[in-house]
Amino acid sequence: VQLQASGGGLVQPGGSPRLSCATSGDTFSSYALGWFRQAPGKEREFVAASRWSGSRPYYADSVKDRFTISRDNTKNTVYLQMNSLKPEDTAVYYCAAGRPIASTIRAHVSYPYWGQGTLVTVSS
């Protein structure tokens, strides 16, 4: 599975960018898709995940009610709509694919396939 993330850039606080992650190489609908982020000097952390289209999404507490993960199986693409961005959301955002069980869906080790990352900088 290959993943290609896009949509990052410089965003003002309160902004609402949408990240996209296009996938190829295997059956898109059979994979759980996740978003993780890594801020400078910090470890990679879970942001959001979707086990399959229509299933209950998972979110980190820090982004719940601000970010929305969605997937389009016809385009083999997963999205991360980010609203009300804060400076602390500044990070490189990665999309990932895997087949984790529910209890491990927030663990980055559950995802063997990763995109290259896209930088989101929240600053005025």
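All values reported here derive from a predicted model rather than from experimental measurement.

Enquirer: Can you lay out the packing of aromatic side chains for me, pointing to particular residues and giving the numbers?
Expert: Evaluated as defined, the whole model comprises six aromatic pairs. Considering the side-chain rings of F36 and W114, the 5.1 Å spacing of their centres and the 55° angle between planes classify their relative orientation as tilted. Taken together, the residues F36 in strand β4 (residues 32–38) and W114 in strand β10 (residues 113–114) connect sequence positions 78 residues apart. Overall, the relative accessible area of 0% leaves F36 in the buried class. For W114, a relative accessible area of 26% translates into the label partly exposed. Summarising the aromatic geometry, the rings of Y94 and W114 are spaced 6.3 Å apart at their centres and angled 75° between planes, so their arrangement reads as edge-to-face. A residue pair is termed long-range when its members are at least 10 positions apart, and Y94 in strand β9 (residues 91–98) and W114 in strand β10 qualify at 20 residues.

Enquirer: Quick one: what's the story with the side chain of D89, residue by residue and with numbers?
Expert: Of note, D89 is situated in the loop between β8 (77–82) and β9. At a separation of 2.9 Å, a polar atom in the side chain of D89 contacts the side chain of R37. Within the local environment of D89, its side chain forms a polar contact with the side chain of R66, the two groups lying 2.8 Å apart. In this view, D89 contacts R37, R66, F67, S84, V120 and V122; residues no more than four positions away in its chain are not counted.

Enquirer: If you had to explain the side chain of R37 to someone new, which residues and values would you point to?
Expert: In this fold, R37 is placed in strand β4. By relative accessible area, R37 is classed as buried at 5%. One polar contact links R37 to Y93, side chain to side chain, over a distance of 2.9 Å. Here R37 is in contact with E43, R44, E45, V47, S62, V63, F67, E88, D89, A91, V92 and Y93, once residues within four sequence places are set aside.

Enquirer: Outline unusual backbone geometry, supporting the account with residue identities and numerical values.
Expert: One non-glycine residue with positive phi stands out, namely N76, at about 55°. Locating N76 in the fold gives a position in the loop between β7 (67–72) and β8. A positive phi angle, close to 50°, is found at S84, a residue other than glycine. Turning to its location among the elements, S84 is positioned in the loop between β8 and β9.

Each value, and the rule that gives it
Residues numbered from 1 in each chain as written. Predicted model: local features only at pLDDT ≥ 70, side-chain atom pairs only at ≥ 80, totals over all residues. Heavy atoms only, no water. Phe/Tyr/Trp six-rings, centres within 6.5 Å; stacked < 30°, edge-to-face > 60°. Helix = DSSP H or I, 4+ residues; strand = E, 2+ residues; numbered from the N terminus. Buried < 20%, exposed > 50% of the residue type's maximum accessible area, 1.4 Å probe, protein only. Polar contact = N/O pair within 3.5 Å; in protein donor to acceptor, adjacent residues only side chain to side chain. Contact = heavy atoms within 4.5 Å.

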